[in-house]
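Okay, here's what each chain looks like letter by letter:
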Amino acid sequence: MARRSGTGTRISRSDLVDESLSAVLARPMRAALTALGTVLGIATLVVTIGIAATAGNRIVGRFDELTATAVSITPETTRASPDDPPLIGWDAPERITRLNGAVAAVALAESQPGQTPPVQANDIKDPSAVTARTLGVVAATVDLPATVHGRVVAGRFYDAGNVARRDRVAVLGEEAARLLGVTRLEDGPAVFIGGEPFTVVGVIGDLKREQALAASVIVPPTAAADRLGMRQVTRVVVDTRLGAAQLIARQAPTALAPGHTDGLRVLAPPNLERARGAVEDDVNGMFLVLGLLCLVVGAVGIANVTLVGVMQRIGEIGLRRALGASRRHIAAQFLVESAVLGLLGGVVGATAGMVTVVGVCVAKDWTPVLDLGLVFAAPLAGVAVGLLAGAYPAWRAARLEPLEALRAT
């Protein structure tokens, strides 16, 4: 209630809040519908940030560990003449595994497109049938199964003894074995690579990395150099411990080619924290606009209903002005009413947003990630929306003259 003092008319804060709450609660349905836009806007913002943080954490958590621990090194330049030493030697696995964080490594010499020798299961020339296949031919060191996380499904993988003796042996990928019709290894079947016979000693499958090897013929580097002319290492693949890939990527060129590191190209997995941030930014950018639109709708709704309330309460405003209430008191009352509606919308919206995030995470068996600072700031955002929305209606109410207001009733 307005009271007169020596300095003019004043109204206590408690009276102002009581009158504003009474005005809001007098029409609960209208108040609920008015606050609905703010509820939706705040809830959308909370859900957006919560789901974005949870999705970023989930995607990084499910980031393929095999991809996150793979480093590939390739020479960017070739030797100027056959007498020049190669940038990467066949001792690359020994050099790399000395580095802290490296688990295994394999040096590869891969046949180039257009230069791949034909592969046959026998040397019979049958014009009526396709006997030669265009399969990848790869020379690899003995650590290939461990590095690519593969499994020898039949026979065995060649060992250091086969390499030292320069044995003409081969290991087929599962798909290559199927295409060549090699189903049994007991009788020592052979395949002909460019006309050179190689005894098949094993079949490798279940490749978690370097899946292209499933359709390739893998041979020791010594036999590949002697019989197929594949002498130069074209790539080194490194299997690292989780989190060590970036370190290995920096150190590997120096370990492989001291003084010639500029001639090597290193491919390393992306930083996990950057991946998390990128996911959160993408999801936030997509949903933030929706949340802001909902807040704008909520603000328009509050402004519209408050303005209609001003028109409906012209008589009340005139009577209060006649009893001594100043323009400032009238404006303050309508601003407080709008702020109360915004506060209710913010509280309900933040609660609904948290429940939604937790519900989605429970349904998906995820670990929810919630920003408590955002949750506590949401009601304040609702108050700010309410104040902005109620500014014009409050100004309109304060501008009404007592006599005109009483005549309009």
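Note that the structure is predicted; figures quoted are calculated from it, not measured.

## Some remarks on the overall build of the protein
Scanning the protein for helices and strands turns up 14 helices and 14 strands. Expressed as a percentage of its 409 residues, the buried residues of the protein come to 43%. Of the contacts formed within the protein by residues at least 6 apart in sequence, a portion of 81% connects residues at least 24 apart.

## Some points on the side chain of Thr-147
By secondary structure assignment, the location of Thr-147 is in helix 5 (residues 144–148). Among the polar contacts made by the side chain of Thr-147, one reaches the main-chain amide nitrogen of Ala-105 at a distance of 3.3 Å. Among residues more than four places away in sequence, those in contact with Thr-147 are Ala-104, Ala-105, Val-106, Arg-209, Val-237, Val-238 and Asp-239.

## Re the pairing of strand 11 (residues 196–205)
Of all 10 residues that make up strand 11, seven are buried, and the element is covered over most of its length. Where strand 8 (residues 151–155) and strand 11 come together, four bridges link them in antiparallel fashion. Pairing of Gly-155 across the sheet is with Gly-202, part of strand 11. When strand 9 (residues 169–173) meets strand 11, the two strands line up parallel, connected through five bridges. In the sheet register, Ala-170 faces strand 11, and the bridge partner there is Val-200. Pairing between strand 10 (residues 190–193) and strand 11: four bridges, direction antiparallel. Within strand 11, the position partnered with Ile-193 by the bridge is Glu-196. As consecutive antiparallel partners, strand 10 and strand 11 are separated by two residues, and within that stretch Gly-194 has a phi angle of approximately 60 degrees, a positive value.

## Some details on a nonpolar patch on the surface
A contiguous nonpolar surface patch, about 220 Å² in accessible area, is contributed by Leu-343, Val-347 and Val-348. Among the structural elements, Val-348 can be located in helix 12 (residues 327–364).

## Considerations on the packing of helix 12 against helix 13 (residues 372–399)
Two elements in contact, helix 12 and helix 13, have axes whose closest approach is 6 Å; the angle formed by their N-to-C orientations is 150 degrees. Viewed along their axes, helix 12 and helix 13 adopt a mutual orientation that is roughly antiparallel. At the point where helix 12 passes helix 13, the crossing takes the right-handed sense. When the residues that make up the contact of helix 12 with helix 13 are grouped by side-chain class, the tally is 18 nonpolar, six polar and two charged.

## Let's talk about the confidence of the model for the protein
Confidence along the protein averages 79 in pLDDT terms, with 72% of residues attaining 70 or more. In this model residues 1–8 is a low-confidence stretch, pLDDT under 50, and it forms 17 contacts with partners more than four residues away in sequence or in other chains.

## As for the nonpolar core
Val-119, Leu-172, Val-191, Ile-193, Val-217 and Val-219 are the most contacted members of the largest nonpolar core, which has 22 residues in total. If we skip the residues at most four places from it in the chain, Ile-193 touches Pro-117, Pro-118, Val-119, Val-137, Phe-198, Val-217, Val-219 and Leu-228. Counting 21 residues, the second largest nonpolar core, distinct from the first, contains Leu-99, Ala-252, Ala-255 and Leu-264.

## Side note on helix 12
For helix 12, built from 38 residues, the straight-helix expectation of 56 Å at 1.5 Å per residue is met to within 8% by its first-to-last C-alpha distance of 55 Å. Looking at the residues trailing helix 12, positive phi occurs at Asp-365, about 60 degrees.

## Looking at the pairing of strand 12 (residues 216–219)
Neither face of strand 12 is open: one carries Ser-216 and Ile-218, the other Val-217 and Val-219, and all of them are buried. Pairing geometry for strand 7 (residues 136–140) and strand 12, over four bridges, is parallel. Of the residues in strand 12, the one forming a bridge with Val-137 is Val-217. Both strand 9 and strand 12 contribute to a ladder of two bridges, which runs antiparallel. Paired with Leu-172 across the two strands is Val-217, which belongs to strand 12.

## Quick look at unusual backbone geometry
For Asp-206, which is not glycine, the phi dihedral falls at a positive 50 degrees. Mapping Asp-206 onto the fold places it in the loop between strand 11 and strand 12. Of the residues examined, Asp-206 reaches a relative accessible area of 32% and is grouped as partly exposed. For Glu-210, which is not glycine, the phi dihedral falls at a positive 60 degrees. Within the secondary structure, Glu-210 is located in the loop between strand 11 and strand 12.

Definitions and limits used
Residues numbered from 1 in each chain as written. Predicted model: local features only at pLDDT ≥ 70, side-chain atom pairs only at ≥ 80, totals over all residues. Heavy atoms only, no water. Helix = DSSP H or I, 4+ residues; strand = E, 2+ residues; numbered from the N terminus. Buried < 20%, exposed > 50% of the residue type's maximum accessible area, 1.4 Å probe, protein only. Contact = heavy atoms within 4.5 Å. Polar contact = N/O pair within 3.5 Å; in protein donor to acceptor, adjacent residues only side chain to side chain. Pairing = 2+ DSSP bridges. Patch = residues over 30% accessible without salt bridge, like charges linked within 9 Å, V, L, I, M, F, W, Y side chains within 5 Å. Areas by Shrake-Rupley, 256 points an atom, 1.4 Å probe, with all protein chains shown as cover. Salt bridge = Lys/Arg side-chain N within 4 Å of Asp/Glu carboxyl O. Axes fitted to C-alpha atoms, helices over the stretch in contact; angles between N-to-C directions. Parallel < 35°, antiparallel > 145°, perpendicular 65-115°, else oblique. Left-handed = near helix turned anticlockwise from the far one by under 90°. Nonpolar A, V, L, I, M, F, W, Y, C, P; charged D, E, K, R; others polar. pLDDT = per-residue confidence, 0-100. Core = buried A, V, L, I, M, F, W, Y, C linked by side-chain atoms within 4.5 Å. Expected span 1.5 Å × (residues − 1).

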